[in-house]
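Remarks on the overall topology
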Amino acid sequence: MSLKVSLADAPKTMTVPLLDLKAQYATIKPEVDAAIQSVLDSARFIGGPEIVALESEVSAYSKAAHGVGCASGTDALLLALRALGVGEGDEVITTAYSFFASASTIALNGATPVFVDIEPETYNLDPAKLARAFTAKTRAVVPVHLFGQCADMPAIAAASAERGVPVLEDAAQAIGSEWLGKRAGEMGIAACFSFFPSKNLGGIGDGGMVVSNDAALADKIRLLREHGARPKYHHHILGVNSRLDALQAAVLRVKLRHLEAWHAGRQRNAALYRELLAGTNVGLPLARPEARHIYNQFVIRTPRRDALKQHLGEAGIGNEVYYPRPLHLQECFAELGYKEGDFPVSEAAARETVALPIYPELTGEQIAYVSSKIHDFLGPRAG
Ligand SMILES: Cc1ncc(COP(=O)(O)O)c(C=O)c1O
């Protein structure tokens, strides 16, 4: 369904939050409340049928055979990398432009993150720059499906397979996204999802999941998330406590039933932004024809980003910069020896991009309002 709205429909003033989880809750309140009540009644808070069912539903949705719920997307990455044997002395290749956890989980496992610059229009790892990052120490490659659009997995997988290196998908922002009909979750050795509340499938707290078609790998992650014990109190390997709780699982199961409709809402909103912003001087995110973009974020671009950000804020429009500092320039990675200028595409993205509200419950009027404020500020396209 397309929204029939033009800039003329924009009100003079209104408030548009970056994300409105209360609006989402209002549409599913009876289902969510019943799911929560049923967990409370069952008193099965750790493990149990809700977890087993969610693992099977999310893995089926992602076209993977196995799902292992854990406490967060960060832990999903941490445990998947550990299960792949990543540790001291190893290198793991990832993008210079992502949320911190894409790289911190490599370092927290004792390995060295090796960064690669991004494509300027999708913000995803640039496969053309990947080959030179491999060394004899490369133990894994972690592409990130940023903002809800898959990285070029066939190219990344081919370069990695040539060297016998597994690819772990950081799909934290991209559940349900696809590349040439293949879903995030079925393209790498495993994929990691986050259920942080702002994700397309978000819980009522933290949560995450690893999905994989590799039974032995999934089993090892399952062991790692529960202290490496099987049975209880018999510890084969050093694991952690990183369980997803039943309350999260029950709510996520409700929300999973609505996920396709929410993706469609975000796609419809993105299409309307594209239409209404076409005449102005702003860089729009490229949706690659190979991709099914699920628009966890809608990120626009202008060299006047900081001033535009302020203008939107003053107009009551929520917005956020994802991310103001690329990973290679984070203080905690200083000892890796990277410097400004090493990854110019990532550095420019950090200076020039800002995310707009894109959540499914946005109205056409709200999108027209946001678009009109961008027109006011940037003016018509030159030439
Ligand atoms: C690309 C990426 N990787 C990893 C994570 C970590 O997920 P979580 O916040 O659930 O730990 C996030 C979430 O913000 C993310 O966006």
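Residues numbered from 1 in each chain as written. Predicted model: local features only at pLDDT ≥ 70, side-chain atom pairs only at ≥ 80, totals over all residues. Heavy atoms only, no water.

Right, let's talk about the site of the ligand for a bit. Residues in close proximity to the ligand total 15 residues, the closest being G73, T74, D170, Q173 and S194. Interatomic distance of 2.5 Å between a side-chain N/O atom of T74 and an oxygen atom of the ligand. Between the ligand and the protein, one listed contact pairs an oxygen atom with a side-chain N or O atom of S194 at 2.6 Å. Within the complex, the protein chains bury 93% of what would otherwise be the 390 Å² of accessible surface of the ligand. Contributions of two or more residues to the shell around the ligand are made by helix 3 (73-83) and helix 4 (101-108). With three residues, the top contributor of residues to the shell around the ligand is helix 3. (Near = heavy atom within 4 Å. Polar contact = N/O pair within 3.5 Å; in protein donor to acceptor, adjacent residues only side chain to side chain. Areas by Shrake-Rupley, 256 points an atom, 1.4 Å probe, with all protein chains shown as cover. Helix = DSSP H or I, 4+ residues; strand = E, 2+ residues; numbered from the N terminus.)

Okay, the packing of helix 2 (residues 49-61) against helix 7 (residues 246-256) next. As a packed pair, helix 2 and helix 7 sit with axes 9 Å apart at the nearest point and diverge in direction by 40°. What the angle tells us is that helix 2 and helix 7 run oblique. Helix 2 and helix 7 meet at a crossing whose hand is left-handed. Along its contact with helix 2, which presents E50, I51, A53, L54, E57, V58 and Y61, the element helix 7 presents A246, A249, A250, L252, R253 and L256. Tallied by class, residues from the contact of helix 2 with helix 7 come to ten nonpolar, no polar and three charged. (Axes fitted to C-alpha atoms, helices over the stretch in contact; angles between N-to-C directions. Parallel < 35°, antiparallel > 145°, perpendicular 65-115°, else oblique. Left-handed = near helix turned anticlockwise from the far one by under 90°. Contact = heavy atoms within 4.5 Å. Nonpolar A, V, L, I, M, F, W, Y, C, P; charged D, E, K, R; others polar.)

This part takes up the sheet that holds strand 7 (residues 182-183). Strand order across the open sheet formed by three strands is 7-6-10, with antiparallel pairing between neighbours. Two strands bound the open sheet, and with one partner strand each, they are strand 7 and strand 10 (291-292). The sheet contact formed by strand 6 (residues 178-179) and strand 7 spans two bridges and is antiparallel. For W179, the partnering residue across the bridge sits in strand 7 and is K182. (Pairing = 2+ DSSP bridges.)

Keep in mind these values describe shape, not function.
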